[in-house]
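Architecture and fold: a report
Residue-level listing of the chains:
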Amino acid sequence: MVQIILTSHDNLARGMKDTLNMIIGDVSMVEAFSSYRNESINIRDAVEKVVKEKYTKADIFILTDILGGSVNREMMSLIEKYPKIHVLSGMNLSMVISLATCAGKVSESELSQIIKDSQQGIVYCNKLLNECKDIQEGDL
């Protein structure tokens with residue numbers, strides 16, 4: 001079983017979960033926490049509560065918005081206490097979909113491939129369009 005915890009500044013995590021729900025339907029394996037939206041909720045404590053509950057029952061993936069940001073640092077601070085969690089930064093929709101649709105345990109090599117595929121989905125479309133035009137013009 002996979003448990004995904006999306007964490008971000010403001011509403012990115014919530015929006016990611018909502019979009020995932022639209023695409024795949026059931027997102028019961030996903031929790032979303034936004035930092036700095038409600039000062040009465042400590043994001044680290046809220047995430048740790050889920051981690052404690054699921055730690056022995058699921059592979060836990062905590063996705064953060066940006067490496068080195070405050071949310072990422074808070075989530076990384078959980079690794080020492082919970083060494084089996086997986087903290088990933090730079091979450092994008094491709095990564096979230098890939099993890100959410102995994103059936104069963106995710107191996108380290110599968111996780112590496114998910115990260116690689118997610119990175120490859122980041123493309124400068126203007127350049128891509130120009131390259132396609134160049135190819136088409138070359139064929140004429």
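Attention in this report is confined to the structure presented alongside it.

About the cut-offs
Residues numbered from 1 in each chain as written. Predicted model: local features only at pLDDT ≥ 70, side-chain atom pairs only at ≥ 80, totals over all residues. Heavy atoms only, no water. Helix = DSSP H or I, 4+ residues; strand = E, 2+ residues; numbered from the N terminus. Buried < 20%, exposed > 50% of the residue type's maximum accessible area, 1.4 Å probe, protein only. Areas by Shrake-Rupley, 256 points an atom, 1.4 Å probe, with all protein chains shown as cover. Lys, Arg positive; Asp, Glu negative; His and termini not counted. Charge placed at Lys NZ, Arg CZ, Asp CG, Glu CD. Axes fitted to C-alpha atoms, helices over the stretch in contact; angles between N-to-C directions. Parallel < 35°, antiparallel > 145°, perpendicular 65-115°, else oblique. Left-handed = near helix turned anticlockwise from the far one by under 90°. Contact = heavy atoms within 4.5 Å. Nonpolar A, V, L, I, M, F, W, Y, C, P; charged D, E, K, R; others polar.

1. Looking at the overall build of the protein chain
A tally of helices and strands in the protein chain yields 6 helices and 4 strands. Listed N to C, the secondary structure of the protein chain is β-α-β-α-β-α-β-α-α-α in terms of helices and strands. Structurally, the protein chain occupies a C-alpha span of about 60 × 35 × 30 Å along its principal axes. For the protein chain, the residues scored as buried account for 38% of the 140 residues in total. When the accessible surface of the protein chain is totalled, it reaches about 8,500 Å², and 53% of it is carbon and sulfur. For the protein chain, the centre of its 15 positive side-chain charges and the centre of its 19 negative side-chain charges are spaced 8 Å apart.

2. Focus: the packing of helix H1 (residues 12-24) against helix H4 (residues 93-100)
The geometry of H1 relative to H4 is characterised by a closest axis approach of 10 Å and an angle of 55 degrees between their N-to-C directions. One finds that H1 runs oblique with respect to H4. H4 is crossed by H1, and the crossing has right-handed handedness. In this structure, H1 contributes Met16, Thr19, Leu20, Ile23 and Ile24 to the contact, and H4 contributes Leu93, Val96, Ile97 and Ala100. The residue inventory of the contact of H1 with H4, partitioned by class, reads 8 nonpolar, 1 polar and no charged.

3. Comments concerning the environment of Val87
Mapped onto the fold, Val87 is located in strand E4 (residues 86-89). Between the alpha carbons of Val87 and Gln113 there is a distance of 15 Å; along the sequence they are 26 residues apart. Look past the residues within four positions of Val87 in its chain and what remains in contact with it is Ile62, Thr64, Asn72, Met75, Met76 and Ile79.

4. Concerning the side chain of Gln3
Tracing the backbone through its elements, the reader meets Gln3 in strand E1 (residues 2-9). Note on Gln3: relative accessible area 1%, which makes it buried. Each residue touching Gln3, except ones within four places of it in the same chain, is listed here: Met29, Val30, Glu31, Val50, Lys54, Ala58, Asp59, Ile60 and Phe61.

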